[in-house]
Amino acid sequence: MHLMYVDESGDCGYPPSGDFPLTGGPTRFFVRAGVVLHGWKWMHIDKRIADLKQSGGLTWDQEIKATHLRAGKGAFSGWSPSDRRQFLFDLLDTIGREIDVRLLVVAIDKSRIDRGQRERFTNPAVRSLELLLERYNFFLREQTDKSGIAILDTVESKSDENLRYFQSYLLRFSDHLDPRRIVEGALFMPSHASNLLQLADVCTNVLYRRYARADGNEEEYKRIVPLICTGKVWPD
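Residues numbered from 1 in each chain as written. Predicted model: local features only at pLDDT ≥ 70, side-chain atom pairs only at ≥ 80, totals over all residues. Heavy atoms only, no water.

### Quick look at the environment of L196
With respect to the secondary-structure elements, L196 resides in helix 8 (residues 195-212). Placed 150 residues apart in sequence, L196 and D46 show a C-alpha to C-alpha distance of 6.7 Å. Not counting residues up to four positions away in its chain, the partners in contact with L196 are Y5, L37, W42, I45, D46 and I49. (Helix = DSSP H or I, 4+ residues; strand = E, 2+ residues; numbered from the N terminus. Contact = heavy atoms within 4.5 Å.)

### A look at the packing of helix 3 (residues 81-96) against helix 8
Contact pair helix 3 / helix 8: the axes reach a minimum separation of 11 Å and the direction vectors enclose 100°. It follows from the interaxial angle that helix 3 and helix 8 lie roughly perpendicular. Across the interface between the two elements, L88, L91, L92 and I95 from helix 3 touch L199, V202 and V206 from helix 8. Residues belonging to the contact of helix 3 with helix 8 are distributed by class as follows: seven nonpolar, no polar and no charged. (Axes fitted to C-alpha atoms, helices over the stretch in contact; angles between N-to-C directions. Parallel < 35°, antiparallel > 145°, perpendicular 65-115°, else oblique. Nonpolar A, V, L, I, M, F, W, Y, C, P; charged D, E, K, R; others polar.)

### Some points on the side chain of R127
With respect to the element layout, R127 can be found in helix 5 (residues 124-141). Residue R127 is classed as buried on the basis of its relative accessible area, which comes to 10%. Looking at R127, its side chain comes within polar contact range of the side chain of E130, at 3.0 Å. If sequence neighbours within four positions are ignored, R127 has contacts with I108, R120, F121 and W234. (Buried < 20%, exposed > 50% of the residue type's maximum accessible area, 1.4 Å probe, protein only. Polar contact = N/O pair within 3.5 Å; in protein donor to acceptor, adjacent residues only side chain to side chain.)

### Topic: the pattern of salt bridges
Enumeration according to the criterion identifies 13 salt bridges in this entry. A salt bridge links K222 to E219; the shortest N-O distance between them is 3.1 Å. Taken together, the residues K222 and E219, both in helix 9 (residues 218-224) and three residues apart, mark about one turn of the helix. Judged by relative accessible area, E219 falls into the partly exposed class, the value being 37%. Each member of the salt-bridge network shares a partner with another, and the members are D93, E219, K222 and R223. (Salt bridge = Lys/Arg side-chain N within 4 Å of Asp/Glu carboxyl O.)

### Overview of the confidence of the model for the protein chain
As a note on interpretation, predicted positions should not be read in detail where pLDDT is low. Counting all residues, the mean pLDDT for the protein chain is 86, and 86% of those residues have values of 70 or more. Mean pLDDT across the elements of the protein chain bottoms out in helix 7 (residues 162-173) (57) and peaks in helix 2 (residues 66-71) (97). (pLDDT = per-residue confidence, 0-100.)

### Concerning the nonpolar core
Soluble, globular proteins show a tendency: their nonpolar side chains are buried together. Counting 41 residues, the largest nonpolar core has Y5, V35, I64, L199, V202 and L207 as its most contacted members. Ranked by residue count, the leading element in this core is helix 8, at nine residues. Ignoring any residue separated from it by four or fewer positions in sequence, one finds V35 in contact with L3, M4, Y5, V101, R102, L103, L199 and A200. Of all hydrophobic cores here, the second largest spans 23 residues; its members include V6, F20, I108 and F139. (Core = buried A, V, L, I, M, F, W, Y, C linked by side-chain atoms within 4.5 Å.)

### Here we look at the packing of helix 1 (residues 42-55) against helix 8
Between helix 1 and helix 8, whose axes approach to 9 Å, the crossing angle comes to 70°. With respect to helix 8, the axis of helix 1 lies roughly perpendicular. Here W42, I45, D46, I49, A50 and K53 of helix 1 come into contact with helix 8, specifically with N195, L196, Q198 and L199. Considered class by class, the residues forming the contact of helix 1 with helix 8 number six nonpolar, two polar and two charged.

### Details of the packing of aromatic side chains
The tally for this structure, following the rule as stated, stands at five aromatic pairs. When the ring of W79 is compared with that of F87, the centres are 5.7 Å apart and the planes differ by 90°; the resulting orientation is edge-to-face. On the basis of relative accessibility, which here comes to 5%, the residue F87 falls in the buried class. Its guanidinium or amino end placed over the ring of Y14, K110 lies 5.7 Å from that ring's centre, counting from NZ or CZ. (Phe/Tyr/Trp six-rings, centres within 6.5 Å; stacked < 30°, edge-to-face > 60°. Lys NZ or Arg CZ within 6 Å of the ring centre and 35° of its normal.)

Listed below in structure tokens is the structure:
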């Protein structure tokens, strides 16, 4: 079975004026991405991340969060900007060379959305999950082992419990999802206890900055671009 560790970056809000601010929120883009690997490869990838933590002086249970890494908070409190940047590059370089990992990406450009549509299409959290599951389904179709499951941070289980129901709904009624491939429902795990969810957090943050920054976040993005199976802005 394949495992897809899912995270998101950006917010679901819309500005009252219709013009998105250059800084702050609401953000123009909402990105949801999935780090996909086969269950047989889980221990190998997990150990790669654990070894990187140890080499950087972190304990096994300290959480890698992109926002903390960039701001020098949490596990990275007291680290210099150059050390934090190097750790980020080391993590991305390590994963960028990992042939057993793939990235599925959905980027929602809220400035292009017709807000007169149903919430299924105007709520970026819901629409991005639908598109990501569809892409996961297409990915699984091309694999020898065609089954998979989605794993989300427990933060989403508290604020977006409807996502689990929505996934079950899609598996029954969507023309683009094969219920034989994606196991019903989604699993929720605490990110501090999962190295792979922490990896998804960092990758999603890097991908978000790819769309949100004028420079395209090129230095970070190029390190993981070989892993991207599909990445497209919606609506196109």
